[in-house]
Amino acid sequence: MAAQDLSVFVSHRDGGIASMELAVDGIRCAGCMQAIEKGLGREPAILGARVNLALKRVSVEWREALLKPEAVVEKLGALGFKAYPFAPERQEEGAASEEKRLLRGLGVAGFASMNVMLLSVSVWSGNSGDIDPTTRDFFHWLSALIALPTAAYAGRPFFESALRALKARAVNMDVPITIGVVLALAMSVAETWNHGHHAYFDGVVMLLFFLLIGRYLDQLMRRRTRDLAGNLAALKAETATRVGADGSWTTVPIAAIRPDDRVVIRPGERVSVDGIVENGSSELDQSLVTGETAPFAIGLGERVHAGTLNLTGALTVRVEAAGQGTLLDEIDRLMSQAVGSRSRYVRLSDRAARLYAPVVHTLSAATFLGWLLIGGISWPEALMIAVTVLIITCPCALGLAIPAVQVVAASALFRRRIMLKEGDALERLAEADIAVFDKTGTLTLPEPDILNEEALPIERRAEIGALAAASHHPLAQALSRALGSLPAHADVREERGQGLSVMLDSEELRLGSVAFCGAEVEAAPVMAAHPSASFIAYRRGAYRTVLALGQKLRPEARETIDALRAAGLEIAILSGDRPEAVAPIAAELGIDHVQAGLLPGDKLNLLDSMAAHGRKVLMVGDGLNDAPALAGAHVSVSPVSATHLAQAAADIVFLGEGLKPVADALVIARKARGLMLENLWFAVLYNAVAVPVAMAGLATPLIAAAAMSGSSLVVTLNALRARSGVPETESRP
Amino acid sequence: MNIIVILFPLALGLGLIGLGGFFWCMRSGQYTDLEGAAWRVLQDDDQA
């Protein structure tokens, strides 16, 4: 058995303390949390373990001299949890500190707006009564004392972003915000100095408070999607078995493999590198690379390609850099070509901001000039009114409109075991008008299953299962899994490319190819009934049977396809598999638009031509060969069983076996997009009322404050509706 | 009106204590796992 080497993931601190972050599968409740923390706490070398239930992660600290990182994973395994070590990305740390900064700013702005409002309400009620001008001035100065430092502190995210935009000679939403905040503060200080009646200190801090909420939600959303993506990547971490100079085997993450390393590829494993065989011989399934399903014999000195499946013998391979013309190289090239098309998508919020900034600037400049030239008032008064326009058009509602919906919708998806990896995927998914499915592993379950249960008598299950468990051949493995992974027979002889045999009670048991078991007669009807399946025969004495192993549809596949169709989507299958294998699945699901035998580049080209015809493609796929198509589609979804490249390229990943999450995600995404648009329209409507009032010079700080908080509240409450309306169905784990 | 000389500092002081409390919560990492905290309360002998 190969030792594991996890030292890549460990970070070291002073005093010989090591720490590691692990993504843990199956933490669901408080019980799991307690079991992990207590269980690891019993180990004397472990100084601390802390579970993060929201992120499903554990961070562990231990004394480096006493424990190896692999032992931590083993300990968790002994407690019943499968843990995957995890290297927090630098990007993720940056996001965490940005989130903290926003939260601190939010706290300060919240404190300030409450206290300034306390003073402002007194002034407002005093203004309509008989407030002493000295008291009013005192209250205004006190407000200034709170508001000025608050704006300087909590406003930094906006000021910095506005400066960055201006430096790049662009205008974003933060430019009008910054101008509004600075002008409003300056005017308010001037008003206070001149013993005026109105000051906008409360408006400014409230504006910052609401905007920070929107910013924080947006950041939270990004952080959460990134964290989940990180967890999924850790869960998926593909490994290779490296052979050391001394001949020892070590399991290392694939990222740690360098050219000229030697790796062992055991039967049943998918080859993850390109290289030359140094030792051993085997047969490879190259269907992913060439579309050819017949096994291909390989021996010493020959080249293996990533993506192929090793069938029969163990191989030692010297790794080469991904060379020209290999699958990985081709996928890489296609991916870089594909990603460009998606980055052209402009988020709803950005589209709104592009309209917002010029309109607001024009309006407030027009107000200033209008009052100055036509209204005939002094310039400070005209400026005051122009600033009121800037404040009252505040993008509070605009700033909250989209992030609030996104956060609510993402948690609704999360409860249905659907992970959003990109924040804007919801918007894009809602626009999709054609759903393109891959077949193998997407419409069907990733593991082959027995198709003709009737050929398998119950009393034979155990003996066949025990025989199948003895082999690493993928078909035998699949059969063994389908029969419930029984303990393997001892003394099983494996004849490469033929099958397995064992002597039991002086009777020979054989499991293998039809010819190996001499079961041609039994095989004929099975082959006729299941033309696209693989066959495995069994013989014991005179008894012979032939099992067809093939791909079964995912649970809920039919309902999902029907639901998508009912939602107005066209359905298509693009598969790399042979047409004969795709046809029955397509017929079963009633899908006419089918193309089979496609190479990765063909899929991408077909998607591109659909996009060129104005279609918005939802791509659902799981294989290495789907990765470019997933990256190139308008929006893409992967099951959690997908290969890591496919998953990395997908916007949305769903857990569980059933296909229903795809339809659920579409419903939630459409609802969310509807709410986002409603919110944006509400913001427009609100401004249509508030702006004329402000331009007429009728708005007071009281009106501004009421309008600002009222509109933010409406938008937020509307966003909460994103969580309801879709029945919550628990998909099968 | 002299009462406001006492009341305002008092109000602001209370607010600042709240803000300080919020910062302290953040620094001690109480916002990193909002779901776990809800369950930790129910554990019998919380070591944290």
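Not measured: the values here are computed from a predicted model.

### Overview of the overall build of chain A
Stage number 1. When helices and strands are tallied, chain A shows 25 helices and 28 strands.
Stage number 2. Its C-alpha atoms give chain A principal-axis dimensions of roughly 110 × 65 × 45 Å.
Stage number 3. Buried positions account for 52% of the 733 residues belonging to chain A.
Stage number 4. Pairs at least 24 apart in sequence give 69% of the contacts found in chain A among residues at least 6 apart.

### Some words on the sheet that holds strand β27 (residues 635–639) of chain A
Two pairing modes exist for strands in a sheet, parallel and antiparallel, and in both the strands are linked by backbone hydrogen bonds.
All names here are of chain A.
Stage number 1. Pairing is mixed in the open sheet, where seven strands are placed in the order β16-β28-β27-β26-β17-β24-β25. Single-partner strands in this sheet number two, and they are β16 (418–420) and β25 (593–595). Ignoring strand direction, the axes of neighbouring strands in this sheet form an average angle of 20 degrees.
Stage number 2. One ladder, built from four bridges, connects strand β17 (residues 434–437) with strand β26 (residues 617–620); its direction is parallel. Bridge assignment links V436 to a residue of β26, and that residue is M619.

### With respect to the environment of N52 of chain A
Stage number 1. Structurally, the position occupied by N52 of chain A is in strand β4 (residues 46–52).
Stage number 2. Linking N52 of chain A and I27 of chain A, residues 25 residues apart in sequence, is a C-alpha distance of 9.4 Å.
Stage number 3. With residues near it in sequence (within four places) discarded, N52 of chain A still touches R57 of chain A together with T32 and D33 of chain B.

### Points about the interface of chain A and chain B
Stage number 1. At the interface, 25 residues of chain A touch 23 residues of chain B.
Stage number 2. Note on chain A versus chain B: buried area summed over both sides is about 2200 Å², and carbon and sulfur give 69% of it.
Stage number 3. Three residues stand out in chain A for area buried against chain B, namely K38, L103 and F111 of chain A, and they jointly supply 21% of the buried area on that side.
Stage number 4. There are zero salt bridges connecting chain A and chain B.
Stage number 5. The tally of links from chain A across to chain B stands at zero residue pairs in polar contact (both at pLDDT 80 or more).
Stage number 6. Those elements that provide at least two residues to the side of chain A that touches chain B are α1 (30–41), β4, α3 (90–127) and α4 (133–154) of chain A.

### Description of a nonpolar patch on the surface
Stage number 1. A surface patch of nonpolar side chains, about 740 Å² in accessible area, is lined by I3, V5, I6, L7, L10, L14 and I17 of chain B.
Stage number 2. Residue class for I6 of chain B comes out exposed when judged on its relative accessible area of 55%.

### What to know about the pairing of strand β23 (residues 543–550) of chain A
Residues and elements named next belong to chain A.
Stage number 1. For β23, the buried fraction is high: six of the eight residues fall into the buried class.
Stage number 2. Both strand β18 (residues 449–450) and β23 contribute to a ladder of two bridges, which runs antiparallel. When the sheet's bridge partners are listed, I450 is paired in β23 with L549.
Stage number 3. The pairing of strand β22 (residues 534–540) with β23 spans seven bridges and is classified as antiparallel. Across the sheet, the residue bridging to I536 is L547, located in β23.

### Regarding the packing of aromatic side chains
Stage number 1. Applying the stated criterion to the full structure yields eight aromatic pairs over all chains.
Stage number 2. Plain terms: the ring middles of F138 of chain A and F139 of chain A are 6.1 Å apart, the flat faces sit at 55 degrees to each other, and that makes the pair tilted.
Stage number 3. Note on F138 of chain A: relative accessible area 38%, which makes it partly exposed.
Stage number 4. Among the residues examined, F139 of chain A registers a relative accessible area of 6% and is labelled buried.
Stage number 5. Taking 6.2 Å as the distance between ring centres and 40 degrees as the angle between the ring planes, the aromatic pair formed by F22 of chain B and F23 of chain B counts as tilted.
Stage number 6. For F23 of chain B, a relative accessible area of 27% puts it in the partly exposed group.
Stage number 7. The aromatic ring of Y543 of chain A is capped on one face by R460 of chain A, whose charged end is 3.8 Å from the ring centroid.
Stage number 8. The cationic tip of R510 of chain A hangs over the ring face of F516 of chain A; the distance from NZ or CZ to the ring centre is 4.3 Å.

### As for the side chain of S480 of chain A
Stage number 1. You can see S480 of chain A is positioned in helix α16 (residues 474–482).
Stage number 2. For S480 of chain A, the contacting residues outside a window of four places in its chain are A468, A469 and S485 of chain A.

### What about empty space enclosed by the protein?
Residue and element names in this part refer to chain A.
Stage number 1. For the structure shown, the criterion picks out five cavities of 30 Å³ or more.
Stage number 2. As for the largest cavity, its lining consists of L119, S120, V123, W124, H140, S143, H197, H198, A199, F201, D202 and P701.
Stage number 3. The set of elements that each furnish at least two residues to the lining of the largest cavity consists of α3, α4 and α7 (201–236).
Stage number 4. When residues of the lining of the largest cavity are assigned to their parent elements, the largest contribution, four residues, is made by α3.
Stage number 5. Here the residues of the lining of the largest cavity sort into six nonpolar, five polar and one charged.

### Considerations on the domain arrangement of chain A
Stage number 1. Parsing chain A into structural domains produces domain 1 (1–87), domain 2 (97–227 + 352–390 + 683–711), domain 3 (260–320), domain 4 (321–351 + 391–446 + 553–682 + 712–733) and domain 5 (449–550).
Stage number 2. Using only C-alpha atoms to locate each centre, domain 2 of chain A and domain 3 of chain A end up separated by 65 Å.

### Considerations on the side chain of S364 of chain A
Stage number 1. For S364 of chain A, the position within the fold is in helix α10 (residues 348–375).
Stage number 2. With relative accessibility at 10%, the residue S364 of chain A sits in the buried group.

### A few points about the layout of surface pockets
Stage number 1. Taken as a whole, the second largest pocket holds about 1400 Å³ of empty space.
Stage number 2. Forming the walls of the second largest pocket are 38 residues, and the residues nearest its centre are N52 and L55 of chain A together with Y31, T32 and D33 of chain B.
Stage number 3. For the lining of the second largest pocket, the secondary-structure elements that each account for two or more residues are β4, β5 (57–63), α3, α7 and α12 (396–415) of chain A together with α2 (34–40) of chain B.
Stage number 4. Residue classes in the lining of the second largest pocket are distributed as 16 nonpolar, seven polar and 15 charged.

### A short note on the packing of α10 of chain A against helix α11 (residues 379–392) of chain A
Residues and elements named next belong to chain A.
Stage number 1. Following both chains from N to C, one finds α10 and α11 inclined at 155 degrees, their axes separated by 8 Å at the closest point. Classified by the angle between their axes, α10 and α11 sit roughly antiparallel to one another. Considering only the axes of α10 and α11, their crossing is right-handed. For the pair α10 and α11, the contacting residues are V360, S364, T367, F368, W371 and L372 in the first and W379, A382, L383, I385, A386, V389 and L390 in the second.
Stage number 2. Of the residues assigned to the contact of α10 with α11, the class counts are 11 nonpolar, two polar and no charged.

### Re the packing of α11 of chain A against helix α24 (residues 660–695) of chain A
Residue and element names in this part refer to chain A.
Stage number 1. The interhelical angle for the contact between α11 and α24, taken along N-to-C directions, is 165 degrees, at an axis separation of 9 Å. One element, α11, and the other, α24, form an angle in the roughly antiparallel class. For the element pair α11 and α24, the recorded crossing hand is right-handed. Between α11 and α24, the contacting residues are I385, T388, V389 and I392 on the first element and Y686, N687, A690, A694 and M695 on the second.
Stage number 2. Looking at the contact of α11 with α24 residue by residue, the classes come out as seven nonpolar, two polar and no charged.

### Overview of the pattern of salt bridges
Residues and elements named next belong to chain A.
Stage number 1. Summed over all chains, the structure comprises 26 salt bridges over all chains.
Stage number 2. For the salt bridge of K552 with D449, the shortest nitrogen-to-oxygen distance reads 3.8 Å. Here K552 is found in the loop between β23 and α19 (557–566), whereas its partner D449 is found in strand β18, with 103 residues between them in sequence.
Stage number 3. Taking the shortest distance from any N to any O, the salt bridge between E678 and R721 comes out at 2.8 Å.

### What to know about unusual backbone geometry
Residues and elements named next belong to chain A.
Stage number 1. Despite not being glycine, D260 has its phi angle at roughly 80 degrees, a positive value.
Stage number 2. Mapped onto the elements, D260 comes out in the loop between β8 (249–253) and β9 (262–265).
Stage number 3. Although it is not a glycine, R417 adopts a positive phi angle of roughly 60 degrees.
Stage number 4. By the element assignment, R417 lies in the loop between α12 and β16.
Stage number 5. With a relative accessible area of 18%, R417 lands in the buried category.

Reading the values: the criteria
- Residues numbered from 1 in each chain as written.
- Chains lettered and ligands numbered in written order.
- Predicted model: local features only at pLDDT ≥ 70, side-chain atom pairs only at ≥ 80, totals over all residues.
- Heavy atoms only, no water.
- Helix = DSSP H or I, 4+ residues; strand = E, 2+ residues; numbered from the N terminus.
- Buried < 20%, exposed > 50% of the residue type's maximum accessible area, 1.4 Å probe, protein only.
- Contact = heavy atoms within 4.5 Å.
- Pairing = 2+ DSSP bridges.
- Axes fitted to C-alpha atoms, helices over the stretch in contact; angles between N-to-C directions.
- Buried area = accessible area lost by both parts, 1.4 Å probe.
- Salt bridge = Lys/Arg side-chain N within 4 Å of Asp/Glu carboxyl O.
- Polar contact = N/O pair within 3.5 Å; in protein donor to acceptor, adjacent residues only side chain to side chain.
- Patch = residues over 30% accessible without salt bridge, like charges linked within 9 Å, V, L, I, M, F, W, Y side chains within 5 Å.
- Areas by Shrake-Rupley, 256 points an atom, 1.4 Å probe, with all protein chains shown as cover.
- Phe/Tyr/Trp six-rings, centres within 6.5 Å; stacked < 30°, edge-to-face > 60°.
- Lys NZ or Arg CZ within 6 Å of the ring centre and 35° of its normal.
- 1 Å grid on protein atoms, 1.4 Å probe; cavity = no way out; pocket = protein on both sides within 12 Å on 5 of 7 lines; lining within 4 Å.
- Points joined across faces, edges and corners; volume = space filled by probe spheres on them.
- Nonpolar A, V, L, I, M, F, W, Y, C, P; charged D, E, K, R; others polar.
- Domains from an automatic or database assignment.
- Parallel < 35°, antiparallel > 145°, perpendicular 65-115°, else oblique.
- Left-handed = near helix turned anticlockwise from the far one by under 90°.

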